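# A structural walkthrough
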Amino acid sequence: MITKTELDKLVQQYETEDFIKDDPVRFPSRFKDKKDIEIAGFISSLVAYGRRDIFTKKLDQLFEIAQNEPHNFILNFESKVLGDFNYRFGKSEDFALIFSILKELYTKNGGLEELFKYGYENSENMFIPVCDYFYSRVKTETQGFKFMIPNPRNGGAMKRMCMYLRWMVRKGPVDFGIWNFMPTSDLLIPLDVHVARISREVGLLNRTSNDFKAVLELTENLKKFDFNDPVKYDFAMFGYGINNK
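The sections below set out a description of the structure shown in this document. Throughout this description, residue numbers start from 1 for each chain and increase along the sequence as written. Per-residue local features of the predicted model are confined to residues with pLDDT of at least 70, and side-chain atom pairs are confined, for both listing and counting, to 80 or more; whole-chain, interface and lining totals are unaffected and use all residues. Only hydrogens and water are set aside when side-chain values are computed; all heavy atoms of the structure are taken into account.

Let us look at the packing of helix H7 (residues 127–135) against helix H9 (residues 159–169). Contact geometry of H7 with H9 gives a least axis separation of 12 Å together with a crossing angle of 110 degrees. Regarding the angle of H7 to H9, the classification is roughly perpendicular. On H9, the residues touching Phe 127, Val 130 and Cys 131 of H7 are Met 161, Cys 162 and Leu 165. The residue inventory of the contact of H7 with H9, partitioned by class, reads six nonpolar, no polar and no charged. Lines fitted to C-alpha atoms define the axes here, with helix axes fitted over just the stretch in contact, and angles between the N-to-C directions of these axes take values from 0 to 180 degrees. Secondary structure counts use DSSP, requiring at least four H or I residues in a row for a helix and at least two E residues in a row for a strand, with both numbered from the N terminus. The labels follow the angle: roughly parallel below 35 degrees, roughly antiparallel above 145, roughly perpendicular from 65 to 115, and oblique for the rest. Contacts are residue-level and defined by heavy atoms, with any inter-residue pair within 4.5 Å sufficient. Each residue receives one of three labels: charged for Asp, Glu, Lys and Arg, nonpolar for Ala, Val, Leu, Ile, Met, Phe, Trp, Tyr, Cys and Pro, and polar for the others, Gly being one of them.

Take a look at the structure:
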């Protein structure tokens, strides 16, 4: 099994501002206003799958449509501004539906921080109330909508939601730390195929399925190295993969 010393060295090497330029976190990093950051982060997390060079180009297009004012864009959202914008599973109508729900959230119910806080304080799995907010406002669940807003009741890893939470709650050279309703000790590792493979290679994950149970197992094992901040090792997993190509 990999040691804490080895992982900590990788965190120190890769949790730097240089990490930002090649990661989807670069989009919310453009902004200073809290609501701009959290909305930009959420939008970025929706599209952060597939090849990075492709989805980052798509995000550049989307933020151009938003005139680089994400909070204002959501508050005044009209579906026609999207034109035929799409990305893989997500069609323009899927994005329009999600943005319309975000508009309601920010005009009537505070915003994303309040929604995630409610989920954290009222459910063992905080993602269930968060995603229920979106699903309860949809008549027809399309493939694109279900992919971008995955249903945690299905047991999936919720990788992009975990990543988004890391950005919002952790404080550091890469993460923003603008939400304080939960401790970093309760964050969960963003698990994708890459992180899962590396975790098994170094003896941190036994479960063979890349699901939510695997997320919990890996996070618990990482807590043995740093109970208060287990998801900092997301950077170490990235670095390990780069160093062992």
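And the narrative resumes.
Turning next to the nonpolar core. Nine residue types can take part in a nonpolar core, namely buried Ala, Val, Leu, Ile, Met, Phe, Trp, Tyr and Cys, and a core is a set of them joined through side-chain atoms within 4.5 Å. Think of it in three bands: residues with accessible area under 20% of the maximum for their type are buried, residues over 50% are exposed, and the middle band is partly exposed, with areas taken using a 1.4 Å probe on protein chains only. Ranked by size, the top nonpolar core spans 89 residues in total, and within it Phe 42, Ile 98, Phe 99, Phe 116, Phe 127 and Phe 134 carry the most contacts. If sequence neighbours within four positions are ignored, Ile 98 has contacts with Phe 42, Leu 46, Phe 134, Phe 145, Met 148 and Ile 149.

Packed helices, taken two at a time, are described by the angle their axes make and the gap between the axes. Interaxial distance between helix H2 (residues 34–47) and H9 falls to 9 Å at its minimum, and their mutual angle equals 155 degrees. In terms of their interaxial angle, H2 and H9 are classed as roughly antiparallel. As for how H2 packs across H9, the hand of that crossing is right-handed. Of the residues in H9, those touching H2 at Ile 37, Glu 38, Gly 41, Phe 42, Ser 44, Ser 45 and Leu 46 are Arg 160, Met 161, Met 163, Tyr 164, Trp 167 and Met 168. Handedness of a crossing follows from how the near helix is turned relative to the far one, being left-handed for an anticlockwise turn of less than a right angle and right-handed for a clockwise one.

Our next topic: helix H3 (residues 52–65). Spanning 14 residues, H3 covers 20 Å between terminal C-alpha atoms, matching the ideal 20 Å at 1.5 Å per step. Buried residues along H3 sit in contact with H2, helix H4 (70–75) and helix H5 (92–108). Two residues or fewer past H3, Gln 67 is found with a positive phi of approximately 55 degrees. Expected helix span is taken as 1.5 Å per residue step, with the number of steps being one fewer than the number of residues.

This part takes up the pattern of salt bridges. In the sections that follow, a salt bridge refers to a side-chain nitrogen of Lys or Arg positioned within 4 Å of a carboxyl oxygen of Asp or Glu. Evaluation of the coordinates by the stated rule reveals 21 salt bridges. For the salt bridge of Asp 8 with Lys 232, the shortest nitrogen-to-oxygen distance reads 3.9 Å. With Asp 8 in helix H1 (residues 4–14) and Lys 232 in the loop between helix H11 (212–223) and helix H12 (233–243), this pair connects stretches of sequence that are 224 residues apart. In this structure, Arg 170 and Asp 229 form a salt bridge, with 2.9 Å as the shortest nitrogen-oxygen distance. Taken together, the positions of Arg 170 in the loop between H9 and helix H10 (193–201) and Asp 229 in the loop between H11 and H12 put the pair 59 residues apart, joining distant regions of the chain. Assessed through its relative accessible area of 3%, Arg 170 is described here as buried. Assessed through its relative accessible area of 14%, Asp 229 is described here as buried.

The next thing to look at is the environment of Ala 196. Mapped onto the elements, Ala 196 comes out in helix H10. Between the alpha carbons of Ala 196 and Lys 80 there is a distance of 40 Å; along the sequence they are 116 residues apart. In contact with Ala 196, not counting residues within four places along its chain, are Leu 191, Leu 205 and Asn 210.

Any link to function would need more than the numbers given here.
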